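Summary of the model geometry
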Amino acid sequence: QVQLVESGGGLVQPGGSLRLSCAASGVIYSIYHMGWYRQAPGKQREMVASISSGNRSNYPDSVKGRFTISRDNAKNTVYLQMDSLKPEDTAVYYCNFVMADGDYWGQGTQVTVSS
């Protein structure tokens, strides 16, 4: 059984930074894509960053230039560095790993951007 455990969420003022981490444990086969998604109240879940096995990253325009995704394959971990945070970034953030044996999600971590 694979588990993804997220950490790093919290309350931050506008303009501040947070770094999220997501580590996989259990029986882990090849990890292809890693990604971060978020879901705000009343809204659909949206992708905010993804990174391929070849370290190719992708971002929507809403976070491009402010968020940076990275991965440490030796630790089966993905990170999301979030800078210049805005109130509209407030949401529950989920990590997602696409592996050889399936698709896995973290439990979610709350990020609140407010003064």
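Everything in this summary refers to the structure shown in the same document. Remember, predicted model here, so these are calculated numbers, not experimental data.

About the thresholds
- Residues numbered from 1 in each chain as written.
- Predicted model: local features only at pLDDT ≥ 70, side-chain atom pairs only at ≥ 80, totals over all residues.
- Heavy atoms only, no water.
- Phe/Tyr/Trp six-rings, centres within 6.5 Å; stacked < 30°, edge-to-face > 60°.
- Lys NZ or Arg CZ within 6 Å of the ring centre and 35° of its normal.
- Helix = DSSP H or I, 4+ residues; strand = E, 2+ residues; numbered from the N terminus.
- Buried < 20%, exposed > 50% of the residue type's maximum accessible area, 1.4 Å probe, protein only.
- Polar contact = N/O pair within 3.5 Å; in protein donor to acceptor, adjacent residues only side chain to side chain.
- Contact = heavy atoms within 4.5 Å.
- Salt bridge = Lys/Arg side-chain N within 4 Å of Asp/Glu carboxyl O.

1. As for the packing of aromatic side chains
Under the definition given, this model contains one aromatic pair. Geometry around Y79 places R19 over its ring, the cationic atom sitting 4.1 Å from the centre. Between R45 and the ring centre of W105, over which it is positioned, the NZ or CZ distance is 4.8 Å.

2. Some words on the side chain of T77
Topologically, T77 is positioned in strand β8 (residues 77-82). The buried category is assigned to T77, whose relative accessible area is 7%. Polar side-chain contacts of T77 include one of 2.8 Å to the backbone oxygen of K75. Setting aside anything within four residues of it in sequence, one finds T77 in contact with C22, A23, M34, S70, R71 and D72.

3. Points about the environment of D72
Tracing the chain through its elements places D72 in strand β7 (residues 67-72). Expressed as a C-alpha distance, the spacing of D72 and S115, which sit 43 residues apart in the sequence, is 33 Å. D72 has contacts with T77 and Y79, leaving out every residue within four places of it along the chain.

4. Details of the pattern of salt bridges
Inspection of every chain in the model, using the stated rule, returns four salt bridges. Among the ionic pairs, R38 bridges to E46, the shortest N-O distance being 2.7 Å. For E46, a relative accessible area of 34% corresponds to the partly exposed category. K64 is the partner of D61 in a salt bridge, and the nearest nitrogen-oxygen pair spans 3.4 Å. D61 sits in the exposed class, given a relative accessible area of 66%. A cluster of three or more residues bridged by salt bridges with shared partners is formed by R38, E46, R66 and D89.

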